[in-house]
Amino acid sequence: ADPKACMPQVKVDLSILEEVRSIFNVYDDDQSGQLDFDEFVHAMELAGFTQEESAGIFNEVDTDGSGEISFDEFSYWFVANAQKQASALATRDDD
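The sections below set out a description of the structure shown in this document. Keep in mind it's a predicted model, so treat the numbers as computed, not measured.

1. Section: the overall build of the protein chain
Next, step 1: Tallying secondary structure elements over the protein chain gives 5 helices and 2 strands in all.
Next, step 2: Residues classed as buried in the protein chain amount to 27% of the 95 residues present.
Next, step 3: Here the protein chain displays about 6100 Å² of accessible surface, and carbon together with sulfur accounts for 51% of that area.

This is the structure:
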């Protein structure tokens, strides 16, 4: 299944995509081009998530169910979440 088919449409500029690629590459310990469960959980724990939270997020991000997260899956998830956070912050500023 195409991971893009299940993902919301998001606008991405190239500088964000380059930043996401560099983040992805840092955590792709074996340089396989995929984040396995352990690589992803490690990255999320460094970002302040628990192992349980990270496992749940892994299952959301792994849209094709392969057991690994491709760069496409990771980038769609990362950008969509960044946009959600920006919207939430903008909403809070209005209060």
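2. Here's the deal with the environment of Trp77
Next, step 1: Within the secondary structure, Trp77 sits in helix α5 (residues 71–94).
Next, step 2: Sequence-wise, Trp77 and Ile57 are 20 residues apart; in three dimensions their C-alpha atoms are separated by 9.6 Å.

3. Things to note about the packing of aromatic side chains
Next, step 1: Evaluated as defined, the whole model comprises 7 aromatic pairs.
Next, step 2: When the centroid spacing of 5.2 Å and the interplanar angle of 75° are considered together, the rings of Phe37 and Phe58 count as edge-to-face. With Phe37 in helix α3 (residues 37–46) and Phe58 in helix α4 (residues 51–61), the pair connects residues that are 21 residues apart, well separated along the chain.
Next, step 3: For Phe58, a relative accessible area of 4% puts it in the buried group.
Next, step 4: On the numbers, 5.9 Å between centres and 65° between planes, the contact of Phe40 with Trp77 is edge-to-face. With Phe40 in helix α3 and Trp77 in helix α5, this residue pair connects regions lying 37 residues apart in the sequence.
Next, step 5: Owing to a relative accessible area of 1%, Phe40 belongs among the buried residues under this scheme.
Next, step 6: For Trp77, a relative accessible area of 17% corresponds to the buried category.
Next, step 7: Clustering of aromatic rings is evident, with ring pairs tying together Phe24, Phe37, Phe40, Phe58, Phe71, Phe74, Trp77 and Phe78.
Next, step 8: Over the aromatic face of Phe71 sits the side chain of Arg21, whose NZ or CZ is 3.7 Å from the ring centroid.

4. As for the nonpolar core
Next, step 1: In terms of nonpolar packing, the biggest core is built from 13 residues, with Leu35, Phe40, Ile57, Val61, Ile69, Phe74 and Trp77 touching the most fellow members.
Next, step 2: Of all elements in the fold, only α2 (14–27), α3, α4 and α5 reach the threshold of two or more residues within this core.
Next, step 3: Here this core gets 4 residues from one element, more than from any other, and that element is α5.
Next, step 4: Aside from chain neighbours lying at most four places away, what touches Ile57 is Phe40, Met44, Phe49 and Trp77.

5. Quick word on α4
Next, step 1: Within α4, burial applies to Ser54, Ile57, Phe58 and Val61. Around the axis of α4, the buried residues are gathered within 110° of arc, so they sit on the same side. Facing away from the buried surface of α4 by more than 90 degrees, the exposed residues are Glu52, Asn59 and Glu60.

Thresholds applied
- Residues numbered from 1 in each chain as written.
- Predicted model: local features only at pLDDT ≥ 70, side-chain atom pairs only at ≥ 80, totals over all residues.
- Heavy atoms only, no water.
- Helix = DSSP H or I, 4+ residues; strand = E, 2+ residues; numbered from the N terminus.
- Buried < 20%, exposed > 50% of the residue type's maximum accessible area, 1.4 Å probe, protein only.
- Areas by Shrake-Rupley, 256 points an atom, 1.4 Å probe, with all protein chains shown as cover.
- Phe/Tyr/Trp six-rings, centres within 6.5 Å; stacked < 30°, edge-to-face > 60°.
- Lys NZ or Arg CZ within 6 Å of the ring centre and 35° of its normal.
- Core = buried A, V, L, I, M, F, W, Y, C linked by side-chain atoms within 4.5 Å.
- Contact = heavy atoms within 4.5 Å.
- Arc of directions from axis to C-beta.

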